[in-house]
Every structure is written in C-alpha cells, then in structure tokens.
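# Survey of secondary and tertiary structure
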Amino acid sequence: MQNLAAPSLAAPDSLILLIYGFFMLTAGFSLKPAMTSSRQFMQAGRVMPGWLCGLAMLGASLGSQELLGMGAAGARYGMVSVAFFALGSIPAMLFAGLYLMPVFYGSNSLADSSAQKPGAVAARSIPEYLGLRFDRKTRALNAVMFAAMSAFGAGIALYAMGRVFVALHVFDQVANTLNLPPTGTLLLAMALPAALVLVYVLLGGLGAAMYNQALQFCLIIAGLLPMVLLGLKRIGGWSGLKATVPANSLHPGTHPMGAGVVVLAVGAGFVLGGATWCTDFRLLQAAMAAKNVEAARRAPIIAAALRVFVVIVLILPGLIAVGLPTPHTSIVIHNDNGVIYHEITVVPPAVEAGSGLVPAKADTDGKPVMGSGGHAVLDYAMATPNMLLQFLPAGLLGLGLTVLLACLMGGVAASVTSFSTVFTCDIFQAFLAKNAADKYMLAMARWATVGGVLLAFGAAYAAMCFNSLLDAILLVFAVVNAPLFAVLLLGAFWRRATGHGAFAGLIAGAAAAVLHQGLSLPRDERPGIQGGWIAVLHHPASDLALGLGTAMLAFLVSLLVAAAVSLFTKAAQAEELNGLVFSLSARPTAIGRWWKRPEAEAAAILLAAIAVSLIFI
Amino acid sequence: MFYDPRISLGMLFTLVGTVLTAFGLATRSNPDVYAKSMGIDANLWWGLVLLVFGILVLTLGRRGQMKQENIEK
C-alpha cells in the first residue's frame, strides 16, 4: 500500500480523535448501571426509539469494507455504482420495514403485554425466530453458521482497516514510542480498535453499540462532506466531474463491471440487498431492540431515507479520486533573490503507476504490481483514504480519520453484539443450559462478547498471514445469508413451509454456493479462493459478477429445495404459527391519514432513490 | 435508565465544532495550513457548521430527556 504523503497528526487532529474516544466509551460507562438483565444487555431493554434504531442499522451496515468498498466502486466502476448501491439496498430495506419487521419483532412482552396474544413469543434473534417458526435443527444450523460468519466478518473488517491505518501512519507515533516492528504496527492498528469495542460492549451491551453507531452515522456525514465539497470544487464542480470520468464508466452498457445490466439489477437488488437488509442479524438486531412494533417498522424505513445521502457521500470520493491528475515525481526550479531552489517532489513508483489518486498495488519492493493485461493493478480501497489526505487540512483531517475509526468500530461492534446474542440464546440456552437463570445468561453474554472479540482478532491475524482471505468474504456471505434469505421469505409468507424443508434448503443453498464458486473463475485470476479451486468450468466477467452469480444461485437452489421438501413433509398447525407468519401476525392498525403511514413514506423514498440514481446514470 | 442519545451526540459535535473553529481562527492567516483546501479556511467554516448542529441537537436532547423524566415521575 502506498499513500501520497505521510501525514503527521497535528495537535487538533489528535484532540478530535481523543474527544471521539471519550464519547464512545462514555456510552458504555453511562449504560453500565442499566445492564441488570440479559434482556437489557442483549436487546437494549427493547426500549429504543425508531429513529435511533434506524441510525444504528445504518451505522452497522457501514463497516470498514463498506466504507472503503463504496469509494473503491466509485473509482472502479464510475457513476453507475450510485445506482448499484442505492437501488441494490433501498427496496430491500423498505420491504424489511413494511413486511418483515412485524413478523421478526413479534410482540414486546413487557411494553405492550395487553396486546400479546397467547402463544405469541418474541424472538430475540433470527436463529430463534427460525426455531419458533420451524424447528430446533434449523435454529442450530443457522446459529452456528451465523456465529462463524460474524466472527470472520469482524476479523476481515479489522484487517482491512488496519492496513489502511498503517498506510496512513495513524498509529506510527504510538508504535514508535513502544518500539514496535512494522508488523507490530499493523497488529496494534487491529488490536486497539478491537479492545475499545470490547470495553464499551462489555459495559453497555447492544445499547452502547447502538448509541455509537448513531454517532458513527453523523460522523460520516460531518467528516466526509467537507472533503467531497472541496474535491468537487477542485475538479470543477459537477460538469468538471462528468468531464473527467472516463466515458466507458458513464454508460452502464459498456462499463467494465461486465455483469450485464439485467443481471446487475436483479442480482444486486433482490438477492444481495435482501440477504443483507432482510436477513442479516448484525443489522436487524438494532431494529429488534425498538420499543414497539411501529418503531421497529420505522427503523429500516428511516435508514433507507438516509441511505441515499450516505451512498452519494461515500461514492463521490472515489469518482473524484480517479478524475484528479496522477501525481508524478517532479522538479520545480525557482529563483528567489538570485538563489536557485530545486524543489523535488518524489512520488513512489506505485503511486505514479496509479490512476489519479488511486495508487497501484505495490509488491514488497514498492514496485507496482502488473496484471495480465499489462496494466498496473490498482489498489482501489485507497481511494477514499487518499482523498482525506489530499483535501483535508490539519484539524479536519483528524475528523476524517475519526470517521475511518468509527466505521471500523461500528461494524465490528455490530458483529460482536450479534455474535454474543446468537451464541447465548441459540447455542448456550437452547442446547447447553436450557433452564439457565437470567444471571447466568447475562454472564454468558458477557463472556461470549469476549470470545467474539478474540475470535475476530484471530480471524484478522489469519487474514494478515493469508491476504486472499479478504476475497472470501463474498463467498461466506453467499453461503450463509443468501440461503437464509430464501428460507426466511418462505417462513414469513408461506404457511406450508416446514422445518425439514427449511433445513434442507439451508444446506442445499450453501452447497450450491460452494460448488459454483469452486467451478468458476473470474477472468484474469488464478485458481484459488477467488474461485476455480475444484475445476474451471466457466469464466464470469469479473469477481463481482462471480459473487453475484454465487449468491443468486444459492438463493434459488435454497428456495426450490425448501419449497419442494416442504410439500412432501407434514405442515405445522395454524395455531403453532400464530404471529410467526405474516398472514397470521397482528397487523399494525393504520393510524392517521394515508400520507403518514409507513407505506406512503416507503413509496416516496423509493421514488426519490430512483430519481437520484437516474441523475447519476 | 437509557439517556436520550441526542445529548451525547450534541455534546460531541459542540466540542468538535469548538476545537475546529478555534483552530481555524488561530491559523486563519497561515496559508501553508490551507494549501490542501485551496486556500479556504475549511476548519473555521466547517467548525461553525458543526457547532451550530451540535448546539441544536443538544437542546433537542435535553428537552427530550426532561420530557422522559417527567413521564417516569
């Protein structure tokens, strides 16, 4: 990794980082007295207002890979990535809010006990919902898969951002005082955020994580918007930006994504978006902590409304970064009162081989890595971090670096709290200690938090040793979340779906994902974790196309297998499904005029998102 | 029990806004600091924006907290 100029943190930069650290830990310390039961710790007492749940969901969804990835997508694929990220997620978020949250949320037995129907119990997690709706084996299978995925995901997030912190020399001062070797700096950059997350989650549970995710969302806007505005001014405004973006990335038909627009729309919008926003407990836990079902429905809708802005603020830095001139080693000679000065600006070769502010990947000697086509392989993940260095003066730079740190920790905290809840409810209580007193549940949840952070750090260390693990994250997502999305859809909307069907669907979907990945290899790649490790049968156009294809196949196989097996197995009685399928759940009664209802809000948000996407295409 | 989250949010942005505004005022006549931002004193202007935002959110949060405490009484 190469950066443009090694920044030295000025006093105000460090001060802003310290202020953020203080407020982050404050959330933990001030909620500590409230952590009296496992419900308080794992579900934030189910007292959160809808807007906070919405901001927390959004914060949880913007971890380090998403923050770096959106800038990278902007740099790599151009304007069309706005449509990809906005239309890929917003319909799924609105769907989750309107139709899935009433089913997942169930009834809040403490807050509205009068409305509670006999037999209606509230699930604390997605695996627990699967247990209530289907059976124990489906719950156990999903709990184990989810726990593994969340720990692995948190580890990859730590490593991905740790690399950036090392390239930006954020922790160099600390590392120098400790006399650490170069790998020690990376370990420190991964261990310090992990330790901070551990402290505030142990103290304040899900509540502290949600407070910090809401903070994180506001910081993203506050920290990155000035950079975007300055960058736009530098490049000559909107028309200047359009002029610098290469023509082929402006036209979706010819852009190098290569997946084809139809596949893109269907695959991204339906499967990836749905598998994230309708399925992933790392995000849904925030909405399930809402104070009532209305707030739980509103949370994803609020998140969807704000998502449009976030996507623009995160993708524009990548677009601007490739549009700017590439730095070159230069000698400027100027004459000052008869004295001739030679000002030499030395730019590392990997930066010179890059495109705009996006550097090429560097090998161990600092030389740019060349791809098979003779072009340098670009390190797109550095687009947003390099923009921070390029445009933010001392002071605002501290705020920008705070955003990177906050996104890393918000994502890791979401993984750790959901890992702890799933382990405690769906593995410990469900199978190991069925009648555990709540005191032990609370203790177990805390120990599971420690375990989750340790596992995540282990995964980060593994990723440090085997770089290619970074590419495995899409595969893990396709194996775990895409089949689960199919099973949850069937479970929530089709009464006939059975436990055996769901179990078979999850296994078949995961197997299909692994097989597809093993049998196809993106162009210009060597067989390995990127694909083709069984045999190479077909060549998708890019790694993104492969990821989309794998997820879609896993979803379809899971849907078909689950439906087929369900038809041949015994259906559950209607009474057993009370509150667990949409047609048998308490419909939120329509309050107020039609334009105040969530459905109307959702329609307005969807139209706005389509309008914004059209501007960018 | 769970305090109004807008209070900590407002306090954070008020503090950060103050730091940025103060630093922006102190370095206003130093063009070296603002070479990156094309001569614009970005710290001062953005610091003021954040300061206003922070105070606004803090006020709303304190109002919400008082309302909540009245209900609990």
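The rules we used
Residues numbered from 1 in each chain as written. Chains lettered and ligands numbered in written order. Predicted model: local features only at pLDDT ≥ 70, side-chain atom pairs only at ≥ 80, totals over all residues. Helix = DSSP H or I, 4+ residues; strand = E, 2+ residues; numbered from the N terminus. Rg over C-alpha atoms; globule rule 2.2 N^0.38 Å. Buried ≥ 20, exposed ≤ 12 C-beta atoms within 10 Å, placed from the backbone. Contact = placed C-beta atoms within 7 Å. Nonpolar A, V, L, I, M, F, W, Y, C, P; charged D, E, K, R; others polar. Pairing = 2+ DSSP bridges. Axes fitted to C-alpha atoms, helices over the stretch in contact; angles between N-to-C directions. Left-handed = near helix turned anticlockwise from the far one by under 90°. Parallel < 35°, antiparallel > 145°, perpendicular 65-115°, else oblique. Expected span 1.5 Å × (residues − 1). Bend = angle between axes of the 7 residues up to and from the residue. pLDDT = per-residue confidence, 0-100.

To continue, consider the overall build of chain B. Across its full length, chain B carries 2 helices and 0 strands. By the compact-globule yardstick of 11 Å for 73 residues, chain B is too spread out, its C-alpha radius of gyration being 17 Å. In terms of overall dimensions, chain B has C-alpha extents of about 55 × 15 × 15 Å along its principal axes. In chain B, which comprises 73 residues, the proportion classed as buried is 41%. In chain B, of all internal contacts separated by at least 6 residues, the share reaching a separation of at least 24 is 72%.

Further remarks concern the overall build of chain A. When you go through chain A residue by residue, the secondary structure sums to 22 helices and 2 strands. Expressed as a percentage of its 617 residues, the buried residues of chain A come to 58%.

Another point: the interface of chain B and chain A. Accessible area lost upon the coming together of the parts serves often as the stated size of an interface. With 23 residues of chain B at the contact, the number on the chain A side is 31 residues. The dominant element in the side of chain B that touches chain A, judged by the number of residues it contributes, is helix α1 (residues 5-26) of chain B, at 11 residues. Here the side of chain B that touches chain A is composed, by residue class, of 18 nonpolar, 4 polar and 1 charged.

Look at any regular strand and the pattern is simple: side chains alternate between the two faces of the sheet. Little of strand β2 (residues 339-345) of chain A sits inside the fold, with 0 of its 7 residues counted as buried. Count of turn residues in the strand β1 (residues 330-336) of chain A/β2 of chain A antiparallel hairpin: 2 residues, of which N337 of chain A carries a positive phi of about 55°.

The subject of this paragraph is the packing of helix α9 (residues 182-235) of chain A against helix α14 (residues 293-323) of chain A. Residue and element names in this part refer to chain A. At a closest axis distance of 9 Å, the pairing of α9 and α14 adopts a crossing angle of 35°. In terms of crossing hand, the pair formed by α9 and α14 is left-handed. Listed contacts from α14 to I220, I221, L224, L225, M227, V228, G231, L232 and I235 of α9 are V310, V313, L316, P317, I320 and G323. For the contact of α9 with α14, the residue count by class is 13 nonpolar, 2 polar and no charged.

Attention now moves to the packing of helix α20 (residues 499-519) of chain A against helix α21 (residues 543-568) of chain A. Residue and element names in this part refer to chain A. At a minimum axis distance of 7 Å, the contact between α20 and α21 shows a crossing angle of 150°. Classed by the angle they form, the pair α20 and α21 counts as roughly antiparallel. Of the two possible hands of crossing, α20 and α21 adopt the one that is right-handed. Within the contact of α20 with α21, the residues separate by chemical class into 15 nonpolar, 10 polar and no charged.

For helix α1 (residues 11-31) of chain A, which comprises 21 residues, the first-to-last C-alpha distance of 31 Å matches the rise-based estimate of 30 Å (1.5 Å per residue) to within 8%. The complete set of buried residues in α1 of chain A reads P12, D13, I16, I19, Y20, M24, A27, G28 and L31 of chain A. Summarising the contacts, the buried residues of α1 of chain A are in contact with α9 and α17 (396-432) of chain A together with α1 of chain B.

So, on to α14 of chain A. Residues and elements named next belong to chain A. With 31 residues, α14 extends 46 Å from end C-alpha to end C-alpha; this agrees with the ideal 45 Å at 1.5 Å per step. At L306, α14 shows its maximal bend, which comes to roughly 35°. α14 sits mainly inside the fold: 26 of its 31 residues count as buried.

This paragraph deals with the pairing of β1 of chain A. Residues and elements named next belong to chain A. Counted residue by residue, β1 has 0 buried out of 7 residues, so it is predominantly exposed. Sheet topology places β1 next to β2; 7 bridges connect them, and they run antiparallel. Its bridge partner being in β2, V332 is matched across the sheet by E343.

What follows concerns the environment of V57 of chain B. Residue and element names in this part refer to chain B. On the secondary structure map, V57 appears in helix α2 (residues 42-72). For V57, a count of 21 C-beta atoms within 10 Å gives the class buried. Sequence spacing of V57 and T14 is 43 residues, and the spatial spacing of their C-alpha atoms is 9.2 Å. Each residue touching V57, except ones within four places of it in the same chain, is listed here: R6, L9, G10 and F13.

Turning our eyes to something else, we now look at unusual backbone geometry. Residues and elements named next belong to chain A. In the Ramachandran plot, A44 falls in the positive-phi region, its phi being about 50° despite a non-glycine side chain. Tracing the backbone through its elements, the reader meets A44 in the loop between α2 (38-43) and α3 (50-61). Residue class for A44 comes out buried when judged on the 31 C-beta atoms lying within 10 Å of it. Positioned with a positive phi, R46 is a non-glycine residue whose angle comes to about 50°. Among the secondary structure elements, R46 is positioned in the loop between α2 and α3.

With that out of the way, let us pick up the environment of L357 of chain A. By the secondary structure assignment, L357 of chain A is in the loop between α15 (349-352) and α16 (383-391). Note: C-alpha distance between L357 of chain A and T424 of chain A (67 residues apart in sequence) is 46 Å.

Turning next to the environment of A486 of chain A. Residues and elements named next belong to chain A. Counting through the fold element by element, A486 comes out in helix α19 (residues 473-493). Sequence separation of A486 and I331 is 155 residues, and the distance between their C-alpha atoms is 60 Å. When near neighbours in sequence (up to four residues on either side) are disregarded, A486 contacts G505, G509, F555, S558, L559 and A562.

Attention shifts here to the confidence of the model for chain A. Residues and elements named next belong to chain A. On average, residues of chain A carry a pLDDT of 82, and 88% of them reach 70 or more. No element of chain A has a lower mean pLDDT than helix α11 (residues 247-250), which averages 49, and none a higher one than α3, which averages 92. Across residues 1-6, confidence stays below pLDDT 50; counting only partners more than four residues off in sequence or on other chains, it has 23 contacts. Residue range residues 250-256 is modelled with pLDDT below 50. Its contacts to residues more than four positions away, or to other chains, number 15 contacts.

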